[in-house]
Amino acid sequence: MAGTVEQKLASQGITLHEPPNPVANYVPFVRSGNLLFISGQICLGADGKLIAKGKLGAGVTIEQGAAAARGCAINLLAQVKAAIGDLDKVARVVRLGGFVNSAPDFLDGPKVLNGASDLMVAAFGDKGRHARTTVGVSSLPADASVEVEGVFEIS
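About the criteria used
Residues numbered from 1 in each chain as written. Predicted model: local features only at pLDDT ≥ 70, side-chain atom pairs only at ≥ 80, totals over all residues. Heavy atoms only, no water. Pairing = 2+ DSSP bridges. Helix = DSSP H or I, 4+ residues; strand = E, 2+ residues; numbered from the N terminus. Axes fitted to C-alpha atoms, helices over the stretch in contact; angles between N-to-C directions. Core = buried A, V, L, I, M, F, W, Y, C linked by side-chain atoms within 4.5 Å. Buried < 20%, exposed > 50% of the residue type's maximum accessible area, 1.4 Å probe, protein only. Contact = heavy atoms within 4.5 Å. Salt bridge = Lys/Arg side-chain N within 4 Å of Asp/Glu carboxyl O.

Draft legend 1. Examining the sheet that holds strand 1 (residues 29–32) more closely. With mixed pairing, the five strands of this open sheet are ordered in space as 1-2-5-3-4. The two strands at the open ends of the sheet, each matched to only one other strand, are strand 1 and strand 4 (131–137). Mean inter-strand twist for the sheet, computed between neighbouring axes without regard to direction, equals 15°. Examined bridge by bridge, strand 3 (residues 90–101) and strand 4 share seven bridges and lie parallel to one another. Counterpart to leucine 96 in the pairing with strand 4 is arginine 132.

Here is the structure:
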């Protein structure tokens, strides 16, 4: 039976899928004490296809970018579940780091990353409020529009 957090996600139409495997020489997560570090997750949907591809401000809208960031957050949670087995063991979302594939003059990266932040708050309530960094970059793997990494405190 799914825990409280997964039930909240299900009520929003979100089911966690198998998390994507790393594509290079790194691991998907590392636990150190009560902190769980999740490697950057690009915006792959459950079908394995990119939710948004290309640059924000040059063909990809803020709305599409926010949907991509939300997809990254779902992938983060799938990795957390793979790491600890139960999302109810998350004591707090500590930090998200977001990378936005941006045109040189695109300045709305924080609006894009709200797609990931909003999902964390929807899933965990006040425990989902976190510190965050958003960085515009010139490219991401597979020309993904967004990549998000996370740090979670676990019990």
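From this point, the discussion proceeds with the structure in view.
Draft legend 2. Local environment of the nonpolar core. Judged by nonpolar contacts, the single largest core of 40 residues is most densely connected at Leu9, Leu77, Met120 and Phe152. Of all the secondary-structure elements, those providing two or more residues to this core are helix 1 (4–11), strand 2 (35–42), helix 2 (62–84), strand 3, helix 3 (109–124) and strand 5 (146–154). A total of nine residues in this core trace back to one element, the largest contributor, which is helix 2. Residues in contact with leucine 9, not counting those within four places in the same chain, are Ile14, Leu16, Leu77, Leu87, Leu119 and Ala123.

Draft legend 3. Structural context of the pattern of salt bridges. In this structure the tally under the stated criterion is four salt bridges. Across the pair glutamate 6 and lysine 81 runs a salt bridge, and its minimum N-O distance is 3.2 Å. Here glutamate 6, found in helix 1, pairs with lysine 81, found in helix 2; they are 75 residues apart in sequence, far enough to count as distant. Classification of lysine 81 by relative accessible area gives partly exposed; the value is 31%. Among the ionic pairs, arginine 95 bridges to glutamate 149, the shortest N-O distance being 3.4 Å. With arginine 95 in strand 3 and glutamate 149 in strand 5, this pair connects stretches of sequence that are 54 residues apart.

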